[in-house]
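# Remarks on the overall topology
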Amino acid sequence: MHIAPVSFTGQTKYLYGYGTSKEERYRDLDKELKQAWTARKEGIDAAPNYMALPIMNKKGQELSFKYIVNGEPANVKDNPISETHLKNLFTNFYKLEKIGLCHKSLSQNNVFYDDKGKVEIGSMKNAQPFVEMKDGGYIHEEDYNLPSCAFPSNADSYELNGLCYYIADFDDDNEEIDFVRKYLQQKSVYHDVRADFLVNQGFSAASPTVVMEDIKSIVFDNPSDEVVEYTKDKLELFALNKEAKHLWYKGNKFVNGKAKPKERFASVILMLEALRLSASLNKRTKELSETSDNDAESYYFALENEYLKSLEAEIFNDVQIYGDDNFCCPQYGKSKGLFLGSKKDRKFFNDIIEGMKLDDPFFKTDNEINMLVKLYKGLTNSWSPAMNDIHGRDFELNVISGHSG
């Protein structure tokens, strides 16, 4: 069960619980209610405000919740994010962190912007408590490849799950750059407040956790063109990576008994493009950390370079696993299996993967990615159910003869 498609602006909607049994659905609703109530009590604009309303559905008489949300998801053309929105957005993020909550689903459809600058945050059951204490402060459960000393950030979650899609809709590059600059300037205040909060919580002002917040506050206050361009490209990387995983999920989902294998193939091509961009950003942040005349900026890019190394390794691992799986997946499509290419094609793919060294100069990685993209696009264009059967028999014969690979 799910929330209806979003087009709020004060409209009444109904929220249902998720679960296979009535008890599970009630527990899910109860969690949502408690989290939203806790957030509102602390001054957070948490959506929605609920009132109980019994409804009848196919499963019998159950409980749903009637609510009103002020605002709609952000949209560059119809509902753009203003500076007032950004101020209120970061205020809500900080207040969540102050009570120990980090929202794991700050997607476009869970953050609502009205025409007066107010921002509401929905799906509060996904606002989870930080896991444990270290050095006097909370540490996040899902680190998104961030250093272990990083204080949990709802802004990071929002960039990863929502903002990356918002900026992708800009048609004008200058407008996009202008928005990213304003976003960072408002984020500077957010990091400054977080630094003070951490010190008040017992962190040393010289601890890596506080220094990280101070550095970001300084760098974002008047961000250089390099910082703005990097942030824009990093958000593009987030969108690419998430879309690749979304396509992989769609390719594995059977609708009316029919699979969509080409979604899986397209997913790997997007993963390769994400790998290309992450390698480029890795190289760029390393160079900027070594050449910047600004000490704070140099420190910031060094932190980002460590982050990019981790993220690049994660994307490379996805390319390696999912890219190979498309060549020989006997369990796909029940008994038919999925076979993108021949044994020779699979070996060519894996030989390039094995030869890729992510610490090598970027041009080498870029050339290898070009070869893999060309291979995958060619095989995708020539793939058909009939070719799938031919490749499948090739792999079956190879297994029988004892030379599977």
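Residues numbered from 1 in each chain as written. Predicted model: local features only at pLDDT ≥ 70, side-chain atom pairs only at ≥ 80, totals over all residues. Heavy atoms only, no water.

### Examining the confidence of the model for the protein chain
Stated formally: Here pLDDT means the predictor's own confidence in every residue, given as a number from 0 to 100. Counting from the N terminus, the helices are the DSSP runs of H or I reaching at least four residues and the strands are the DSSP runs of E reaching at least two. Note on contacts: a residue pair is in contact if any heavy atoms of the two residues lie within 4.5 Å.
On average, residues of the protein chain score 83 in pLDDT, and 79% of them are at 70 or above. Averaged pLDDT values over the elements of the protein chain bottom out at 47 in strand β9 (residues 137–139) and peak at 97 in helix α4 (residues 173–200). Counting interchain partners and residues more than four positions distant, the pLDDT-below-50 stretch residues 51–55 has 17 contacts. When the criterion is pLDDT under 50, residues 399–405 qualifies, and its contacts beyond four places in sequence or with other chains add up to six contacts.

### Describing helix α3 (residues 154–167)
To keep things clear, this is the line we draw: We define the bend at any residue as the angle between the axes fitted to the seven residues before and including it, ending there, and the seven starting there. Residue burial is assigned from relative accessible area. The probe radius is 1.4 Å, only protein chains are included, and a residue is buried under 20% of its type maximum, exposed over 50%, and partly exposed in between. Contacts described as polar in this section are N or O atom pairs within 3.5 Å, which, within protein, must combine one atom able to donate a hydrogen with one able to accept it, while residues neighboring in sequence count only if both atoms come from side chains.
Its axis deflected by about 50° at Leu160, α3 carries its strongest bend there. By the criterion of burial, α3 is predominantly enclosed, with 13 of the 14 residues buried. One side-chain oxygen of the residue at the start of α3 lies 3.2 Å from the amide nitrogen of Ala155, identifying that residue as Ser153.

### Looking at helix α2 (residues 83–98)
Because an α-helix completes one turn every 3.6 residues, residues spaced three or four positions apart along the sequence face the same direction. Counted only if it meets this: By definition here, a helix of n residues has an expected span of 1.5 Å times n minus one.
The terminal C-alpha atoms of α2 lie 23 Å apart, and with 16 residues this matches the ideal 22 Å at 1.5 Å per residue to within 8%. Among all positions of α2, only His85, Leu86, Leu89, Phe90, Asn92, Phe93, Tyr94, Leu96 and Glu97 are buried. Note on α2: the residue one or two positions beyond its end, Gly100, has a positive phi of about 80°.

### Quick look at the environment of Val373
Locating Val373 in the fold gives a position in helix α10 (residues 362–382). You can call Val373 buried: its relative accessible area is 6%. Sequence-wise, Val373 and Met271 are 102 residues apart; in three dimensions their C-alpha atoms are separated by 9.8 Å. Those residues in contact with Val373 that sit more than four places away from it in its chain are Ile269, Leu272, Glu273 and Arg276.

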